Amino acid sequence: MKNGCILIPAYNEEKHLGAVIAKAIRFMPVIVIDDGSHDETVKVAKAAGAEVFQQIPNQGKGAALQRGFAEAIRKRCDFLVTLDADGQHDPLEIPKFLEAYRLNQPDLIIGFRDFTKMPFIRRLSNTTGSWAFSWAMRKPIRDNLSGYRLLSRDLFGILLHSQESGFEYEVEMIVQCIEHGLKLDWVPIETIYADETSHIRPLHHVVNFLRVVIDARKRSKPKIIV
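Keep in mind it's a predicted model, so treat the numbers as computed, not measured.

### Focus: the pairing of strand β2 (residues 30-34)
Line of reasoning, step 1. The element β2 is largely enclosed, with a buried count of five among its five residues.
Line of reasoning, step 2. Along β2, one buried face is formed by Val30, Val32 and Asp34 and the opposite face, lined by Ile31 and Ile33, is buried too.
Line of reasoning, step 3. Relative to β2, strand β1 (residues 4-10) runs parallel, the two being bridged by five bridges. Across the sheet, residue Ala10 finds its bridge partner in β2, namely Asp34.
Line of reasoning, step 4. For the crossover from β1 across helix α1 (residues 17-24) to β2, the handedness is right-handed.
Line of reasoning, step 5. Pairing between β2 and strand β3 (residues 51-54): four bridges, direction parallel. Within β3, the residue paired with Ile33 across the bridge is Phe53.

### Brief notes about the pattern of salt bridges
Line of reasoning, step 1. The tally for this structure, following the rule as stated, stands at nine salt bridges.
Line of reasoning, step 2. For Glu51, the salt bridge goes to Lys75, with nearest N and O atoms at 2.5 Å. With Glu51 in strand β3 and Lys75 in the loop between α3 (61-74) and β4 (79-82), this residue pair connects regions lying 24 residues apart in the sequence.
Line of reasoning, step 3. Of the residues examined, Lys75 reaches a relative accessible area of 31% and is grouped as partly exposed.
Line of reasoning, step 4. Of the charged contacts, one joins Lys61 and Asp84 as a salt bridge, the two residues approaching to 2.8 Å between their closest N and O atoms. Highlighted residues: Lys61 in helix α3 and Asp84 in the loop between β4 and α4 (94-104), separated in sequence by 23 residues.
Line of reasoning, step 5. Assessed through its relative accessible area of 14%, Lys61 is described here as buried.
Line of reasoning, step 6. Through salt bridges with shared partners, one network takes in Glu51, Arg67, Glu71, Arg74 and Lys75.

Thresholds, definitions, all that
Residues numbered from 1 in each chain as written. Predicted model: local features only at pLDDT ≥ 70, side-chain atom pairs only at ≥ 80, totals over all residues. Heavy atoms only, no water. Buried < 20%, exposed > 50% of the residue type's maximum accessible area, 1.4 Å probe, protein only. Helix = DSSP H or I, 4+ residues; strand = E, 2+ residues; numbered from the N terminus. Pairing = 2+ DSSP bridges. Right-handed = clockwise from strand over helix to strand, strands pointing away. Salt bridge = Lys/Arg side-chain N within 4 Å of Asp/Glu carboxyl O.

Here is the structure:
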């Protein structure tokens, strides 16, 4: 297996982060990007054995991921796995991604969830979002918002130049993968919802998501061969 690492963006996640790192670090070294937290996120992450980088003030999940990609390049990682800090992603499923990467060498592997197991509002938003994004990309996209992913160095190198900074960065990730002719793959993951706190601002997120969807539709316009 090539050289890899695990990247966890975190914002005020002292409650769950320690347990997430403790499981994840069994597989590969863990990098945590603290996105301007006001709690003990940094302390918890360091105590759990992660390498921690801080960006102050809070800049958004996309910016945190981008900082992590830069650190992964500095460490000469061939690939990395991203997962959320709030416990919605079970680190014990990391081997699914590693096996898919070993077998097929995709540039982006996304862990897709079972929307029927989500609370109603989340189920509605994720289902609608996947439909809209599949329309934009002109191909089926099973789960465009799952943060549980494996990326190749080729892809996260490209993403260093993205202008997105919030949650839309993960949508842009898929656009860039397809636009550059890179390989996209999927693995099923558990759908976990407990007491985690969402950092998404609904109106802001919807507006920006629609912007990204419309832009993606334009960029994926079929080429006319004369």
